[in-house]
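Fold and geometry: a report
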Amino acid sequence: MTAAQADLQIDRPRVADGAALWRIARDSEVLDLNSSYSYLLWCRDFAATSAVVRDGHGVPVGFITGYVRPDSPGTLLVWQVAVDRTYRGRGLAATLLDGLAARVVHESGVTVLETTISPDNTASQRLFTSFAERRGARLEREVLFDTAVFPDGPHEPEVLYRIGPLSASG
């Protein structure tokens, strides 16, 4: 961690963190907000493939949720990345992503990271593009879900970012 991150700690999420993750996602004004219940389940069932960053009091101030795809056990799908507004600009999202990827590659043998990003989310595009560059990994993009498949009104397409191969050496 950098000096700007010295008072912070990266950890696995716990069920007690679910409410804070839901609030951070809600306040991001970018993410599709899931139910509070889903964040509680996520912290219980997918803690091994997710990460939180805690402030000096142990309160979550950022998170990444992810899971290993059941039909592709070498692939980590990153679902959401968010950092509390007061902690943005410190490189926390990149630190969380690097740390989670290293952990899951080591523990689960993951060799590919996937995520989806809407075309207007330039911050996430930069985050995952720079992740691929730091890892020296190939980055492929394709539309995974077009606008027409979303049943709840206008929604931008979700572009699949596929990054790999990843290795334990970085």
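Residues numbered from 1 in each chain as written. Predicted model: local features only at pLDDT ≥ 70, side-chain atom pairs only at ≥ 80, totals over all residues. Heavy atoms only, no water.

Let's shift gears to unusual backbone geometry. Here the amide bond leading from Gly 164 into Pro 165 is cis, since omega sits at 0°, within 30 degrees of zero. Unlike most non-glycine residues, Glu 29 shows phi in positive territory, near 60°. Among the secondary structure elements, Glu 29 is positioned in the loop between α1 (18-28) and α2 (36-45). A relative accessible area of 69% means that Glu 29 is categorised as exposed. (Helix = DSSP H or I, 4+ residues; strand = E, 2+ residues; numbered from the N terminus. Buried < 20%, exposed > 50% of the residue type's maximum accessible area, 1.4 Å probe, protein only.)

Counting across every chain of the model gives 13 salt bridges. Between Asp 7 and Arg 90 there is a salt bridge, with its nearest N and O atoms 3.8 Å apart. Of this pair, Asp 7 sits in the segment before β1 (9-11) while Arg 90 sits in the loop between β4 (75-83) and α3 (92-108), placing them 83 residues apart in sequence. The exposure class of Arg 90 is partly exposed, given its relative accessible area of 28%. Here Glu 29 makes a salt bridge to Arg 85, at a shortest N to O gap of 3.7 Å. With a gap of 56 residues between them, Glu 29 in the loop between α1 and α2 and Arg 85 in the loop between β4 and α3 connect regions that are remote in the sequence. (Salt bridge = Lys/Arg side-chain N within 4 Å of Asp/Glu carboxyl O.)

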